[in-house]
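Chain by chain, the residues:
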Amino acid sequence: MMVSENNMTENGEGEKHELDIMVSENNMAENGEGEKHELESIKFKTKKKVGGIKAMPYILANDICDIFASVGWRSNMITYLTMVLNMPLVKASNTISYFSGAGNFTPLIGAFIADSFAGRYWTILVGSIIYELGLVSITILATLTQLRPPGCPSQENCKEASSQQLLLLYLALLLTSIGSGGRRPCVVTFAADQIDMSKSKVESRKWNFFNWYTFCLGMGSLAALTIVVYVQDNVGWGLGFGIPTTAMAISVIAFVVGSPLYRKVKPRGSPFVRLAQVVVAAVKKRNEVAPKDAAMLYENRELDADISNNGRLLHSDQYKWFDRAAIVTEDDDKDLNSPNLWRLATVHRVEEVKCIIRILPIWAAGILIGASHQGSFVIIQAGSMDRYLSPSFQIPPASMSIFASLTLVIGIILYERLFVPFARWLTKNPTGITYLQRIGIGLTFHILSTIVAALVEIKRKKVAAHHGLLDKPTAIIPISVFWLLPQFCLEGIGEVFASVGHLEFLYDQSPESMRSMAAALYWIVTSIGDYTGSLIVSLVHKYTQNNGEWLPDRNLNRGKLENYYWLVSGIQAFNLVYYVACAWFYSYKPLEEAAETKVEGDVELATGKYIR
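Residues numbered from 1 in each chain as written. Predicted model: local features only at pLDDT ≥ 70, side-chain atom pairs only at ≥ 80, totals over all residues. Heavy atoms only, no water.

Time to look at the overall build of the protein. Each helix and strand counted, the protein has 17 helices and 14 strands in total. Classification of the 612 residues of the protein by burial places 54% in the buried group. Here the analysis covers contacts within the protein between residues at least 6 apart in sequence; of these, 79% occur between residues at least 24 apart. With an accessible surface of roughly 28000 Å², the protein has 61% of that area assigned to carbon and sulfur atoms. (Helix = DSSP H or I, 4+ residues; strand = E, 2+ residues; numbered from the N terminus. Buried < 20%, exposed > 50% of the residue type's maximum accessible area, 1.4 Å probe, protein only. Contact = heavy atoms within 4.5 Å. Areas by Shrake-Rupley, 256 points an atom, 1.4 Å probe, with all protein chains shown as cover.)

Below, the structure is given as structure tokens:
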């Protein structure tokens with residue numbers, strides 16, 4: 001009997017390790033002719049008890065503290081920039097968008113580092129530390145008076161922050177953007193690594209991982225909007241930024257404490273290199289004719305073992321041009337066990353490229369969700385409205401976002417406990433509705449949110465005109481801030497459907513070895529949305545200055561913000577039509593899933609299941 005062993009060295013941090021022992025035995029047939037028969041390969045696994053639900057509290061504690069910190073300092077930043085640093089409204093809004101966009105773009109770099117060589121654990125840890133340094137810097141800037149301009153309560157003839165003061169702020173924001181790049185693409189996938197996310201297991205569960213993951217984040221956001229924003233508006237900006245900074249420090253500690261419990265998936269090499277190899281191989285063989293029988297294309301299970309632990313991608317009929325990369329020519333036939341991957345790719349690797357191409361049109365539909373800049377402008381609106389709940393207490397403007405988070409948290413519970421069972425009964429789909437249907441419903445609610453926002457702004461300005469307050473930008477208009485409530489609730493419902501569905505779609509439909517990159521795509525679409533929103537705001541500001549300015553720098557009462565919302569609503573309606581067309585033609589990835597195993601003694605026998 002010949003035994004070959006692949007050992008993975010064990011470190012002291014509790015990483016899960018697998019010992020694959022392939023046993024092959026040559027038996028002589030009883031007919032005496034010496035014919036050889038090969039027994040079926042059997043896979044042995046030794047598993048260290050890591051991962052599972054017991055690892056979740058530490059990961060979720062890290063992420064809840066992070067979202068608490070992130071929302072805590074970001075949600076009210078528009079107020080800090082306009083009221084403390086005296087920046088014009090449009091410049092402040094664009095500043096937030098630029099750095100928010102950078103923080104949502106850097107996850108692509110973080111995903112590359114995690115999937116290529118560092119692993120998700122170390123990428124999260126290093127990214128969290130860099131993020132913490134950025135928060136410490138912001139807190140120091142808000143605490144020291146010499147690092148900000150003189151106060152300007154009247155918001156007239158204000159002295160804007162100097163270039164040196166702004167440079168220090170930009171450097172601090174840059175640190176948070178870089179830190180986000182390490183954390184954001186890895187946390188959700190690292191949490192998913194701890195449990196079985198195969199299709200059969202997901203459908204058999206009564207709970208949805210992505211729903212409850214988002215629920216936890218919503219709770220962190222809720223706490224930040226309740227506590228931190230109040231402190232910033234009523235106590236001081238130093239303490240207001242210091243609380244999120246402390247929360248982020250706690251999140252790093254919680255993450256490190258849970259290290260012995262984590263299942264850490266070994267990096268599988270750069271996904272970008274594999275994608276490039278397939279494209280180059282297909283270009284080199286562009287004149288070759290693919291065989292009619294897909295079974296003639298090159299496959300090598302051993303070569304793909306590290307990138308297909310949970311299932312092997314099967315050949316699909318879409319984008320057949322890339323199949324040329326898997327055509328075996330005379331030059332390739334010399335060494336099929338160790339091929340030149342820049343000339344010959346396996347079907348699984350070709351299908352990885354096809355998966356990415358398939359999801360991109362659906363992914364792109366999420367860009368315009370974040371392009372409305374509604375979050376920045378609505379805080380300025382709220383600041384001009386009656387926010388008193390009692391003679392001595394008023395709601396901070398930025399805390400109005402609490403209603404979007406509250407709707408998200410309640411909505412996820414109702415979605416999980418009421419909507420899914422009803423939809424499951426109606427559609428016979430184990431998940432109730434598909435990812436694509438869920439995203440489409442969410443996009444519709446986002447359109448409704450901006451339409452309502454336009455109507456509320458018209459109402460706000462009518463009341464201001466009636467009381468002669470149009471030329472008083474700091475005056476409180478006698479209209480309740482709860483007029484803004486419907487648009488926040490619609491936005492929260494949209495998040496329940498669109499954002500959670502988008503994240504789940506990207507995770508499920510991306511190749512197994514590229515899931516950090518898929519999570520990065522989730523944040524990148526937000527980044528592009530931020531930059532698109534900044535472009536729209538800048539163009540609107542530029543081309544409406546001489547013809548009834550829509551977005552004035554100081555006095556929103558004399559602007560036409562409702563026209564901006566109508567414009568965004570129209571763009572999002574067009575985006576919904578585009579999305580429906582893409583979803584109609586979308587084909588789910590074909591996968592041969594690694595099925596549940598039948599355990600006999602110490603031997604696991606794979607049964608194999610095909611999912612299309």
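The subject of this paragraph is the pairing of strand β10 (residues 477-480). The alternating pattern of β10 places I477 and I479 on a buried face, while none of P478 and S480, on the opposite face, is buried. As judged from the two bridges shared by strand β7 (residues 385-386) and β10, these two strands associate in the parallel manner. Bridge pairing in β10 places D386 opposite S480. (Pairing = 2+ DSSP bridges.)

Take helix α13 (residues 402-427) next. The sharpest bend along α13 reaches about 45° and sits at Y415. Following α13 by one or two positions, K428 adopts a phi angle in the positive range, close to 65°. (Bend = angle between axes of the 7 residues up to and from the residue.)

Taken together, L167, L168, L171, L174 and I178 make up a surface patch of nonpolar side chains, about 430 Å² in accessible area. By secondary structure assignment, the location of L171 is in helix α6 (residues 163-193). (Patch = residues over 30% accessible without salt bridge, like charges linked within 9 Å, V, L, I, M, F, W, Y side chains within 5 Å. Salt bridge = Lys/Arg side-chain N within 4 Å of Asp/Glu carboxyl O.)

Turning next to the pattern of salt bridges. Taken as a whole and judged by the stated rule, the model has twelve salt bridges. E352 is the partner of R274 in a salt bridge, and the nearest nitrogen-oxygen pair spans 3.3 Å. Separated by 78 residues along the polypeptide, R274 in helix α10 (residues 271-284) and E352 in helix α11 (residues 347-364) bring together distant segments of the chain. Judged on exposure class, the residue R274 and its partner E352 are both buried. In this structure, the salt-bridge partner of K461 is E562, at a minimum N-O distance of 3.2 Å. Separated by 101 residues along the polypeptide, K461 in helix α14 (residues 435-466) and E562 in helix α17 (residues 561-584) bring together distant segments of the chain. Of the residues examined, K461 reaches a relative accessible area of 13% and is grouped as buried. Through salt bridges with shared partners, a single network forms among D323, E351, K354 and R358.

Below, the discussion takes up the packing of helix α5 (residues 120-143) against α6. Viewed as axis vectors pointing N to C, α5 and α6 meet at an angle of 150°, and their least axial separation amounts to 7 Å. Considering the angle they form, α5 stands roughly antiparallel to α6. Handedness of the crossing formed by α5 with α6: left-handed. Of the residues belonging to the contact of α5 with α6, the class tally is 17 nonpolar, ten polar and three charged. (Axes fitted to C-alpha atoms, helices over the stretch in contact; angles between N-to-C directions. Parallel < 35°, antiparallel > 145°, perpendicular 65-115°, else oblique. Left-handed = near helix turned anticlockwise from the far one by under 90°. Nonpolar A, V, L, I, M, F, W, Y, C, P; charged D, E, K, R; others polar.)

Since the α-helix packs 3.6 residues into each turn, any two residues three or four apart lie on the same face. Between its first and last C-alpha atoms α17 spans 35 Å; for 24 residues at 1.5 Å apiece the expected length is 34 Å, and the two agree. Those residues of α17 that fall on the buried side of the exposure criterion are L561, E562, Y564, Y565, V568, S569, Q572, N575, L576, Y579, C582 and A583. (Expected span 1.5 Å × (residues − 1).)

Let us now look at the environment of I250. Structurally, the position occupied by I250 is in helix α9 (residues 237-257). The exposure class of I250 is partly exposed, given its relative accessible area of 45%. Taking the C-alpha atoms as reference points, I250 and C65, 185 residues apart in sequence, are found 7.1 Å from one another.

Within the secondary structure, N575 sits in helix α17. Residue class for N575 comes out buried when judged on its relative accessible area of 7%. Every residue in contact with N575, bar those within four places of it in the chain, is listed here: A365, L368 and L443.

What follows is about unusual backbone geometry. For Y319, which is not glycine, the phi dihedral falls at a positive 50°. Structurally, the position occupied by Y319 is in the loop between β6 (311-313) and α11.

We now examine the packing of helix α3 (residues 89-105) against helix α4 (residues 107-118). Running from N to C, α3 and α4 cross one another at 20°; their axes reach a closest spacing of 5 Å. In terms of orientation, α3 and α4 fall into the roughly parallel class. Contacts between α3 and α4 involve G103, N104 and F105 on the former and, on the latter, P107, L108 and I109. Of the residues belonging to the contact of α3 with α4, the class tally is four nonpolar, two polar and no charged.

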